[in-house]
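# Structure assessment
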Amino acid sequence: MQHPPPDLAAWRAAMTKPAGPLGGLARKAQVKINQIIPEKVHAAITTAMEGLTRGILTGADFATGSPQHGLTLDEKRAKAAAAIDGWKKTASVEGGITGAGGFLAAAADFPLLMSFKIKLLFEIAAIFGHDGTDLDERLYILHIFELAFSDATHRARVLAAMDDWDARRAERPDTLEAFDWRAFQQQYRDHIDLAKMAQLLPVVGAPVGAIVNWRLVESLGRTAVMAYRMREEGAGVSLPTPLAPS
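This write-up is about the structure you can find in this document.

About the thresholds
Sequence order as written defines the numbering, with residues in each chain counted from 1. pLDDT decides what is reported in this predicted model: residues at 70 or higher carry local features, side-chain atom pairs at 80 or more are listed and counted, and totals for whole chains, interfaces and linings draw on all residues regardless. Computation of side-chain values covers all heavy atoms of the structure but excludes hydrogens and water. Note on method: axes are straight lines fitted to C-alpha atoms, helices fitted across the in-contact stretch only, with angles between N-to-C directions ranging 0 to 180 degrees. Only runs of H or I of at least four residues qualify as helices and only runs of E of at least two qualify as strands under DSSP, and these elements are numbered from the N terminus. Under this scheme an angle from 65 to 115 degrees is roughly perpendicular, one under 35 degrees roughly parallel, and one over 145 degrees roughly antiparallel; angles in between are oblique. In this scheme the handedness of a crossing depends on how the near helix is turned from the far one: anticlockwise by less than a right angle means left-handed, clockwise means right-handed. Whether two residues are in contact is decided by their heavy atoms: any pair within 4.5 Å suffices. Here, a salt bridge means any Lys or Arg side-chain nitrogen found within 4 Å of an Asp or Glu carboxyl oxygen. Burial classes: relative accessible area under 20% of the type maximum marks a residue as buried, over 50% as exposed, and values in between as partly exposed (1.4 Å probe, protein chains only). Under the convention adopted here, Pro, Cys and the residues Ala, Val, Leu, Ile, Met, Phe, Trp and Tyr are nonpolar, Asp, Glu, Lys and Arg are charged, and Gly plus all remaining residues are polar. A helix is expected to span 1.5 Å for every residue after the first. Counted as a polar contact is a pair of N or O atoms within 3.5 Å, where, for protein atoms, one must be capable of donating a hydrogen and the other of accepting one, and residues adjacent in sequence contribute only when both atoms are in side chains. What makes a nonpolar core is a set of buried Ala, Val, Leu, Ile, Met, Phe, Trp, Tyr and Cys residues whose side-chain atoms join them at distances within 4.5 Å.

This brings us to the packing of helix H6 (residues 135-148) against helix H7 (residues 152-162). In a packed pair of helices, the relevant descriptors are the angle between the two axes and the axis-to-axis distance. Here H6 crosses H7 at 150°, and the two axes come no closer than 9 Å. By the angle between their axes, H6 is roughly antiparallel relative to H7. H6 and H7 meet at a crossing whose hand is left-handed. Within the contact between the two elements, H6 uses Tyr 140, His 143, Ile 144, Glu 146 and Leu 147 and H7 uses His 154, Arg 155, Val 158, Leu 159 and Met 162.

So, on to the pattern of salt bridges. Tallying each qualifying case throughout the model produces 13 salt bridges. The salt bridge partner of Asp 166 is Arg 231, with a shortest N-O separation of 2.8 Å. In this pair, Asp 166 sits in the loop between H7 and helix H8 (181-197) while Arg 231 sits in helix H9 (residues 205-233), placing the two residues 65 residues apart along the sequence. Arg 231 gets classed as buried once you look at its relative accessible area, which sits at 14%. Linked by salt bridges that have partners in common, Asp 7, Arg 77, Arg 229 and Glu 233 make up one network.

Structurally, His 143 can be placed in helix H6. In contact with His 143, other than residues within four places in its own chain, are Val 158, Met 162, Trp 165 and Phe 179.

Here we come to the packing of helix H1 (residues 6-15) against H7. Packing of H1 against H7 leaves a shortest axis separation of 9 Å and a crossing angle of 135°. Relative to H7, H1 is oriented oblique. Note on element contacts: H7 touches H1 through Ala 152, Arg 155 and Leu 159, opposite Trp 11, Arg 12, Ala 14 and Met 15. Of the residues assigned to the contact of H1 with H7, the class counts are five nonpolar, no polar and two charged.

Here we take up H6. Over its 14 residues, H6 runs 20 Å from end to end, which matches the ideal 20 Å to within 8%, given 1.5 Å per residue. By the criterion of burial, H6 is predominantly enclosed, with 13 of the 14 residues buried. For H6, the side-chain oxygen to backbone nitrogen distance between the N-cap and Asp 136 is 3.1 Å, and the N-cap itself is Asp 134.

Counting residues in each nonpolar core, the largest one holds 51 residues, and the members touching the most others are Trp 11, Ile 124, Ile 144, Phe 145 and Met 162. Of all the secondary-structure elements, those providing two or more residues to this core are H1, helix H3 (39-57), helix H4 (73-99), helix H5 (102-127), H6, H7, H8 and H9. Contact partners of Trp 11, with chain neighbours within four places excluded, come to Leu 147, Leu 159, Thr 223, Met 226, Ala 227 and Met 230.

Okay, here's the thing in structure tokens:
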């Protein structure tokens with residue numbers, strides 16, 4: 001077992017840092033709202049998001065990048081930075097256009113932005129030498145997505161599942177059906193709700209959509225790079241991941 005590099009150790013600590021007072025209040029409010037929403041609505045949202053994500057995740061065009069081998073860490077970082085920059089710009093333009101188009105256009109932003117994010121994750125996976133056509137790799141991609149768009153408590157659980165990933169392959173299911181789609185959609189929705197709601201407002205919708213999409217893609221890309229470095233360097237295997245309080 002090896003100790004993680006300082007930047008990875010700091011990243012893991014930041015990923016599981018408990019929310020501050022304002023974040024805690026916001027999370028409690030979201031939990032209350034989720035409790036009020038009828039179960040059939042939760043089920044419908046989960047089914048819709050699972051269908052959307054699975055459709056994007058298993059689309060042939062998302063797994064066309066061949067794994068890249070023999071790259072140095074600096075080369076991987078540079079290629080990943082270029083991919084992140086490209087998708088940030090695309091998502092920002094798309095968010096600005098849909099934000100200026102009213103409620104119907106803003107509604108179209110969700111599947112488009114999701115497709116950009118998943119495509120970025122496939123690109124970064126290939127840069128770090130992993131095959132996106134492999135089911136186990138797609139599960140790892142889903143976990144990266146959760147790390148970027150979940151609360152600290154859920155992120156801690158996800159990080160624990162990702163530690164020593166390749167050595168624990170036999171522990172994981174061989175289908176996507178066993179994945180916790182309910183937690184996936186609820187964490188994602190709660191994470192982006194407040195930011196994306198302003199995109200529906202007249203006048204400010206366009207700039208808000210552009211800025212929010214830029215930041216969401218940037219956060220996801222940064223999380224992906226660190227997650228693949230963690231996997232590659234074995235970081236975290238000897239570093240307990242603290243569980244944030246509920």
